[in-house]
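# Observations on the model geometry
What follows is each chain in one-letter form.
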Amino acid sequence: MIIKQRKKPKELLILESLVNRTKDIPKNYYLRYLNLLKGFEGEQKFDQWFDQDSSENWLQLNDLTFEVNNSIFQIDALIITSNQLFLFEVKNYEGDYKVESNRWFTLAGKEIQNPLLQLQKTETLLRQLLQQHNIHLNICPYLIFIHHEFQLFNNSIDAPIIFASQLNRFMKNFQQEHSKRVASNSSFIQKLLALHLEDPPQHRELEYHYDKLNKGVLCKKCQSLNTQIDGRTIYCFECCYKEPKDLALKRTVNEYRLLFPDNPLLTNTLLNWCQVICSRKTLLRLLKKDYKLTGHGKSAKFI
Ligand SMILES: [Zn+2]
(Lines give C-alpha, C1' and ligand atoms only; values in the text may rest on other atoms or scores of the structure.)
Protein backbone atom coordinates (compact mmCIF):
# COMPACT_ATOMS: atom_id res chain seq x y z
CA MET A 1 0.00 0.00 0.00
CA ILE A 2 1.44 3.36 -1.00
CA ILE A 3 1.34 5.85 1.85
CA LYS A 4 3.49 8.50 0.24
CA GLN A 5 2.95 9.19 -3.43
CA ARG A 6 5.64 10.20 -5.86
CA LYS A 7 5.58 13.70 -7.30
CA LYS A 8 7.28 14.97 -10.40
CA PRO A 9 10.59 16.51 -9.22
CA LYS A 10 10.66 20.29 -9.13
CA GLU A 11 13.74 20.47 -11.34
CA LEU A 12 11.95 18.35 -13.96
CA LEU A 13 8.87 20.60 -13.81
CA ILE A 14 11.02 23.70 -14.33
CA LEU A 15 12.98 22.14 -17.20
CA GLU A 16 9.75 20.93 -18.81
CA SER A 17 8.43 24.49 -18.77
CA LEU A 18 11.72 25.86 -20.17
CA VAL A 19 11.83 23.24 -22.94
CA ASN A 20 8.28 24.11 -23.99
CA ARG A 21 8.77 27.86 -23.80
CA THR A 22 12.26 28.35 -25.24
CA LYS A 23 13.14 28.19 -28.89
CA ASP A 24 16.81 27.31 -28.52
CA ILE A 25 17.12 25.52 -25.22
CA PRO A 26 20.81 24.95 -24.26
CA LYS A 27 21.82 21.38 -25.06
CA ASN A 28 22.90 20.57 -21.48
CA TYR A 29 19.47 21.67 -20.19
CA TYR A 30 17.70 19.53 -22.77
CA LEU A 31 19.82 16.46 -21.95
CA ARG A 32 19.25 16.97 -18.24
CA TYR A 33 15.50 17.22 -18.94
CA LEU A 34 15.49 13.94 -20.92
CA ASN A 35 17.53 12.27 -18.21
CA LEU A 36 15.24 13.36 -15.37
CA LEU A 37 12.15 12.46 -17.39
CA LYS A 38 13.43 8.96 -18.12
CA GLY A 39 14.32 8.45 -14.46
CA PHE A 40 10.87 9.62 -13.35
CA GLU A 41 9.14 7.32 -15.85
CA GLY A 42 11.18 4.40 -14.51
CA GLU A 43 10.19 5.25 -10.92
CA GLN A 44 6.52 5.40 -11.91
CA LYS A 45 6.85 1.97 -13.53
CA PHE A 46 8.41 0.69 -10.30
CA ASP A 47 5.51 2.11 -8.23
CA GLN A 48 2.93 0.38 -10.42
CA TRP A 49 4.81 -2.90 -10.24
CA PHE A 50 5.27 -2.88 -6.48
CA ASP A 51 1.76 -1.76 -5.67
CA GLN A 52 0.03 -4.07 -8.14
CA ASP A 53 -2.03 -5.80 -5.41
CA SER A 54 -2.27 -2.81 -3.04
CA SER A 55 -1.16 -5.28 -0.36
CA GLU A 56 -1.55 -4.19 3.24
CA ASN A 57 1.37 -6.39 4.24
CA TRP A 58 3.83 -3.65 3.43
CA LEU A 59 3.90 0.09 3.18
CA GLN A 60 5.50 2.02 0.38
CA LEU A 61 7.00 5.47 0.91
CA ASN A 62 8.14 7.00 -2.36
CA ASP A 63 10.52 9.77 -3.15
CA LEU A 64 11.95 10.73 0.23
CA THR A 65 14.57 13.36 0.96
CA PHE A 66 16.36 13.40 4.29
CA GLU A 67 19.21 15.27 5.90
CA VAL A 68 21.67 13.66 8.24
CA ASN A 69 25.04 15.05 9.44
CA ASN A 70 24.83 17.90 6.89
CA SER A 71 24.29 15.51 3.98
CA ILE A 72 21.08 15.60 2.00
CA PHE A 73 20.11 12.31 0.37
CA GLN A 74 17.22 11.01 -1.65
CA ILE A 75 15.50 7.66 -1.62
CA ASP A 76 13.51 6.39 -4.60
CA ALA A 77 11.37 4.02 -2.51
CA LEU A 78 11.27 2.57 0.99
CA ILE A 79 9.17 -0.53 1.59
CA ILE A 80 8.34 -1.26 5.20
CA THR A 81 7.36 -4.77 6.20
CA SER A 82 6.68 -6.08 9.70
CA ASN A 83 10.37 -6.71 10.37
CA GLN A 84 12.43 -5.11 7.61
CA LEU A 85 13.06 -1.96 5.67
CA PHE A 86 13.69 -2.35 1.94
CA LEU A 87 15.61 0.43 0.26
CA PHE A 88 15.16 0.60 -3.51
CA GLU A 89 17.22 2.62 -5.95
CA VAL A 90 15.49 2.52 -9.34
CA LYS A 91 17.34 2.91 -12.63
CA ASN A 92 15.67 3.15 -16.02
CA TYR A 93 18.86 2.48 -18.02
CA GLU A 94 18.53 1.02 -21.48
CA GLY A 95 21.15 -0.79 -23.59
CA ASP A 96 24.34 -2.71 -22.83
CA TYR A 97 26.67 -1.96 -19.92
CA LYS A 98 29.66 -3.71 -18.41
CA VAL A 99 31.48 -3.79 -15.08
CA GLU A 100 35.30 -3.78 -14.93
CA SER A 101 37.10 -3.68 -11.55
CA ASN A 102 34.11 -2.09 -9.85
CA ARG A 103 33.77 0.59 -12.52
CA TRP A 104 30.73 0.77 -14.79
CA PHE A 105 30.88 1.50 -18.52
CA THR A 106 28.62 1.51 -21.54
CA LEU A 107 29.77 -1.06 -24.12
CA ALA A 108 31.10 1.86 -26.13
CA GLY A 109 33.48 2.54 -23.23
CA LYS A 110 31.91 5.63 -21.63
CA GLU A 111 32.25 5.43 -17.85
CA ILE A 112 29.16 6.09 -15.73
CA GLN A 113 28.77 6.48 -11.99
CA ASN A 114 28.71 3.13 -10.23
CA PRO A 115 25.08 2.86 -9.06
CA LEU A 116 26.02 0.26 -6.43
CA LEU A 117 28.27 2.82 -4.73
CA GLN A 118 25.39 5.28 -4.79
CA LEU A 119 23.15 2.66 -3.19
CA GLN A 120 25.77 1.93 -0.50
CA LYS A 121 26.11 5.62 0.29
CA THR A 122 22.34 6.02 0.62
CA GLU A 123 22.15 2.95 2.84
CA THR A 124 24.87 4.32 5.15
CA LEU A 125 23.15 7.70 5.47
CA LEU A 126 19.77 6.06 6.07
CA ARG A 127 21.28 3.86 8.80
CA GLN A 128 22.76 6.93 10.49
CA LEU A 129 19.40 8.69 10.33
CA LEU A 130 17.56 5.71 11.81
CA GLN A 131 20.13 5.38 14.60
CA GLN A 132 19.78 9.06 15.47
CA HIS A 133 16.07 8.55 15.89
CA ASN A 134 16.27 5.22 17.70
CA ILE A 135 14.65 3.27 14.90
CA HIS A 136 16.03 -0.25 14.88
CA LEU A 137 15.18 -2.05 11.69
CA ASN A 138 17.24 -4.16 9.37
CA ILE A 139 17.86 -2.41 6.01
CA CYS A 140 17.83 -4.47 2.78
CA PRO A 141 19.13 -2.40 -0.14
CA TYR A 142 18.39 -3.25 -3.77
CA LEU A 143 19.23 -1.74 -7.10
CA ILE A 144 16.39 -2.22 -9.57
CA PHE A 145 16.85 -2.05 -13.32
CA ILE A 146 13.28 -1.57 -14.45
CA HIS A 147 13.82 -1.43 -18.23
CA HIS A 148 13.49 -4.73 -20.10
CA GLU A 149 16.14 -3.73 -22.61
CA PHE A 150 18.92 -3.25 -20.08
CA GLN A 151 21.80 -5.72 -20.06
CA LEU A 152 24.76 -5.79 -17.70
CA PHE A 153 27.88 -7.85 -18.38
CA ASN A 154 30.51 -9.09 -15.92
CA ASN A 155 28.60 -8.20 -12.79
CA SER A 156 28.96 -10.25 -9.65
CA ILE A 157 25.99 -12.55 -9.00
CA ASP A 158 26.14 -11.53 -5.32
CA ALA A 159 25.41 -7.89 -6.09
CA PRO A 160 22.03 -6.71 -4.72
CA ILE A 161 20.61 -6.15 -8.20
CA ILE A 162 17.20 -7.06 -9.61
CA PHE A 163 16.82 -6.99 -13.36
CA ALA A 164 13.51 -6.49 -15.17
CA SER A 165 13.41 -10.18 -16.12
CA GLN A 166 13.55 -11.10 -12.39
CA LEU A 167 10.80 -8.78 -11.16
CA ASN A 168 7.98 -11.35 -11.17
CA ARG A 169 10.02 -13.95 -9.29
CA PHE A 170 11.19 -11.36 -6.78
CA MET A 171 7.61 -10.27 -6.12
CA LYS A 172 6.39 -13.85 -5.68
CA ASN A 173 9.04 -14.51 -3.03
CA PHE A 174 8.45 -11.16 -1.41
CA GLN A 175 4.73 -11.84 -1.06
CA GLN A 176 5.42 -15.23 0.52
CA GLU A 177 7.97 -13.88 2.96
CA HIS A 178 5.93 -10.86 4.02
CA SER A 179 2.44 -12.07 4.74
CA LYS A 180 1.90 -10.18 7.98
CA ARG A 181 -0.07 -6.95 7.92
CA VAL A 182 1.77 -3.74 8.83
CA ALA A 183 0.20 -0.91 10.80
CA SER A 184 0.46 2.33 8.87
CA ASN A 185 0.04 4.47 11.98
CA SER A 186 3.13 3.27 13.83
CA SER A 187 5.12 6.10 15.36
CA PHE A 188 8.33 5.46 13.44
CA ILE A 189 6.53 5.80 10.08
CA GLN A 190 5.07 9.11 11.22
CA LYS A 191 8.58 10.09 12.30
CA LEU A 192 10.04 9.23 8.89
CA LEU A 193 7.32 11.23 7.14
CA ALA A 194 7.99 14.20 9.43
CA LEU A 195 11.74 14.03 8.71
CA HIS A 196 11.19 14.13 4.95
CA LEU A 197 12.21 17.48 3.44
CA GLU A 198 9.39 18.60 1.17
CA ASP A 199 11.32 21.35 -0.54
CA PRO A 200 15.04 20.58 -0.34
CA PRO A 201 17.53 23.18 -1.55
CA GLN A 202 18.31 22.62 -5.20
CA HIS A 203 21.75 21.45 -6.18
CA ARG A 204 21.68 22.97 -9.63
CA GLU A 205 20.86 26.55 -10.31
CA LEU A 206 19.03 26.84 -13.60
CA GLU A 207 19.39 30.15 -15.36
CA TYR A 208 16.51 31.66 -17.32
CA HIS A 209 14.88 35.02 -17.90
CA TYR A 210 11.25 36.02 -18.15
CA ASP A 211 11.80 38.03 -21.33
CA LYS A 212 13.28 35.08 -23.20
CA LEU A 213 10.38 32.70 -22.51
CA ASN A 214 7.45 32.32 -24.89
CA LYS A 215 4.21 33.36 -23.20
CA GLY A 216 0.81 31.71 -23.29
CA VAL A 217 -1.03 28.69 -21.92
CA LEU A 218 0.63 25.34 -22.63
CA CYS A 219 -1.72 22.58 -23.76
CA LYS A 220 -2.08 20.11 -20.91
CA LYS A 221 -1.94 17.17 -23.28
CA CYS A 222 0.73 17.99 -25.88
CA GLN A 223 2.44 21.02 -24.24
CA SER A 224 2.00 23.17 -27.33
CA LEU A 225 1.64 26.93 -26.93
CA ASN A 226 -0.69 27.02 -29.91
CA THR A 227 -3.76 27.46 -27.72
CA GLN A 228 -6.61 29.89 -27.58
CA ILE A 229 -9.62 30.70 -25.46
CA ASP A 230 -12.81 29.19 -26.80
CA GLY A 231 -15.75 30.13 -24.58
CA ARG A 232 -15.22 28.42 -21.23
CA THR A 233 -12.35 26.28 -22.48
CA ILE A 234 -8.83 26.61 -23.78
CA TYR A 235 -8.52 24.93 -27.17
CA CYS A 236 -5.29 23.43 -28.57
CA PHE A 237 -4.84 23.82 -32.33
CA GLU A 238 -2.21 21.06 -32.39
CA CYS A 239 -4.05 18.17 -30.73
CA CYS A 240 -7.62 19.56 -30.42
CA TYR A 241 -7.56 19.05 -26.63
CA LYS A 242 -9.97 21.21 -24.66
CA GLU A 243 -9.43 22.08 -21.02
CA PRO A 244 -11.75 24.12 -18.79
CA LYS A 245 -10.44 27.69 -18.90
CA ASP A 246 -10.22 28.16 -15.13
CA LEU A 247 -8.12 25.01 -14.67
CA ALA A 248 -5.79 25.90 -17.53
CA LEU A 249 -5.24 29.42 -16.21
CA LYS A 250 -4.65 28.18 -12.69
CA ARG A 251 -2.09 25.73 -14.03
CA THR A 252 -0.36 28.51 -15.94
CA VAL A 253 -0.24 30.84 -12.93
CA ASN A 254 1.23 27.97 -10.88
CA GLU A 255 3.84 27.45 -13.57
CA TYR A 256 4.81 31.13 -13.26
CA ARG A 257 5.11 30.75 -9.50
CA LEU A 258 7.31 27.69 -9.94
CA LEU A 259 9.64 29.50 -12.34
CA PHE A 260 9.71 32.81 -10.47
CA PRO A 261 8.99 32.07 -6.81
CA ASP A 262 10.41 35.41 -5.67
CA ASN A 263 8.48 37.61 -8.09
CA PRO A 264 5.28 39.28 -6.90
CA LEU A 265 2.08 38.14 -8.62
CA LEU A 266 1.27 41.35 -10.48
CA THR A 267 -1.93 41.32 -12.50
CA ASN A 268 -0.26 42.87 -15.53
CA THR A 269 2.60 40.38 -15.52
CA LEU A 270 0.18 37.48 -15.26
CA LEU A 271 -1.93 38.85 -18.09
CA ASN A 272 1.23 38.99 -20.18
CA TRP A 273 2.32 35.52 -19.03
CA CYS A 274 -0.97 33.85 -19.91
CA GLN A 275 -1.44 35.84 -23.13
CA VAL A 276 -4.69 34.14 -24.21
CA ILE A 277 -6.76 35.94 -21.62
CA CYS A 278 -8.54 38.78 -23.23
CA SER A 279 -10.16 40.04 -20.08
CA ARG A 280 -8.49 41.25 -16.91
CA LYS A 281 -11.80 40.48 -15.20
CA THR A 282 -11.49 36.73 -15.82
CA LEU A 283 -7.99 36.63 -14.38
CA LEU A 284 -8.91 38.71 -11.34
CA ARG A 285 -11.95 36.52 -10.60
CA LEU A 286 -9.79 33.43 -10.81
CA LEU A 287 -6.90 34.75 -8.74
CA LYS A 288 -9.21 36.00 -6.01
CA LYS A 289 -10.20 32.39 -5.32
CA ASP A 290 -6.66 31.43 -4.28
CA TYR A 291 -4.88 34.66 -3.42
CA LYS A 292 -5.43 37.86 -1.55
CA LEU A 293 -5.26 41.11 -3.51
CA THR A 294 -3.27 43.95 -1.97
CA GLY A 295 -2.63 47.47 -3.28
CA HIS A 296 -4.29 49.33 -6.12
CA GLY A 297 -3.70 50.09 -9.78
CA LYS A 298 -0.24 49.22 -11.08
CA SER A 299 1.06 48.20 -7.67
CA ALA A 300 -1.80 45.75 -7.07
CA LYS A 301 -0.46 42.28 -6.41
CA PHE A 302 -1.68 38.92 -5.17
CA ILE A 303 -0.18 37.21 -2.16
ZN1 LIG B 1 -2.38 19.98 -27.50
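In the annotation of an unreviewed UniProt entry, the entry for the protein reads NERD domain-containing protein, and the organism field reads Alkalihalobacillus alcalophilus ATCC 27647 = CGMCC 1.3604.

## Describing the overall build of the protein
Scanning the protein from terminus to terminus reveals eight helices and 16 strands. Along the first, second and third principal axes, the C-alpha atoms of the protein reach 65 × 50 × 40 Å. In the protein, which comprises 303 residues, the proportion classed as buried is 44%. Expressed as a percentage of contacts within the protein between residues at least 6 apart in sequence, the contacts between residues at least 24 apart total 61%.

## Looking at the coordination of the zinc ion
Distances from the zinc ion to its protein donors, Cys219 (SG), Cys222 (SG), Cys236 (SG) and Cys239 (SG), fall at 2.2 to 2.4 Å. One can describe the site at the zinc ion as tetrahedral: its four donor atoms subtend angles covering 105 to 115 degrees at the metal. One chain supplies every donor to the zinc ion, and in sequence these donors are spaced C-x2-C-x13-C-x2-C.

## Some details on the nonpolar core
Membership of the largest hydrophobic core comes to 34 residues, with the highest contact counts inside it found for Leu78, Trp104, Leu126 and Ile161. Broken down by element, this core gets its largest block of residues, six residues, from helix H3 (residues 115-132). By size, the runner-up hydrophobic cluster in this structure holds 33 residues, among which are Leu15, Val19, Tyr208 and Leu265.

## Let's talk about the packing of helix H7 (residues 267-274) against helix H8 (residues 280-290)
Axis separation between H7 and H8 bottoms out at 11 Å; the angle between their running directions is 110 degrees. The orientation of H7 relative to H8 falls into the category roughly perpendicular. H8 is crossed by H7, and the crossing has right-handed handedness. Residue-level contacts link Thr267, Asn268, Leu270 and Leu271 of H7 to Arg280, Leu283, Leu284 and Leu287 of H8. Residue composition of the contact of H7 with H8, by class: five nonpolar, two polar and one charged.

## Section: the sheet that holds strand S11 (residues 227-230)
Backbone-to-backbone hydrogen bonds join strands into a sheet, with any given pair of strands oriented parallel or antiparallel. Reading across the sheet, the three strands line up as S11-S12-S13 and stay open at both edges, with antiparallel pairing between neighbours. Whereas interior strands pair on both sides, the edge strands pair on one side only; in this sheet they are S11 and strand S13 (242-244). The sheet shows a mean angle of 30 degrees between the axes of neighbouring strands, taken without regard to direction. Looking at chain direction, S11 and strand S12 (residues 233-236) are connected through four bridges and run antiparallel. In the sheet register, aspartate 230 faces S12, and the bridge partner there is threonine 233. Sheet contacts for helix H6 (residues 245-259): S11, S12 and S13; angle to S13, the most-contacted strand, approximately 85 degrees.

## Observations regarding unusual backbone geometry
A positive phi angle, near 40 degrees, is found at serine 101, a position not held by glycine. Tracing the backbone through its elements, the reader meets serine 101 in the loop between strand S5 (95-100) and strand S6 (103-106).

## Let's talk about the UniProt feature "domain: NERD" (unreviewed entry) in the protein
Residues annotated in UniProt with the feature "domain: NERD" (unreviewed entry) correspond here to residues 38-149. Segment residues 38-149 splits into 28% helix and 43% strand. End C-alpha atoms: 14 Å apart.

Calculation rules
- Residues numbered from 1 in each chain as written.
- Predicted model: local features only at pLDDT ≥ 70, side-chain atom pairs only at ≥ 80, totals over all residues.
- Heavy atoms only, no water.
- Helix = DSSP H or I, 4+ residues; strand = E, 2+ residues; numbered from the N terminus.
- Buried < 20%, exposed > 50% of the residue type's maximum accessible area, 1.4 Å probe, protein only.
- Contact = heavy atoms within 4.5 Å.
- Donors = N, O, S within 2.8 Å, 3.2 Å for Na, K, Ca; no water.
- Tetrahedral: all angles 85-135°; square planar, octahedral: opposite > 155°, others 65-115°.
- Core = buried A, V, L, I, M, F, W, Y, C linked by side-chain atoms within 4.5 Å.
- Axes fitted to C-alpha atoms, helices over the stretch in contact; angles between N-to-C directions.
- Parallel < 35°, antiparallel > 145°, perpendicular 65-115°, else oblique.
- Left-handed = near helix turned anticlockwise from the far one by under 90°.
- Nonpolar A, V, L, I, M, F, W, Y, C, P; charged D, E, K, R; others polar.
- Pairing = 2+ DSSP bridges.
- UniProt positions renumbered as here; feature names shortened; annotations may be inferred.

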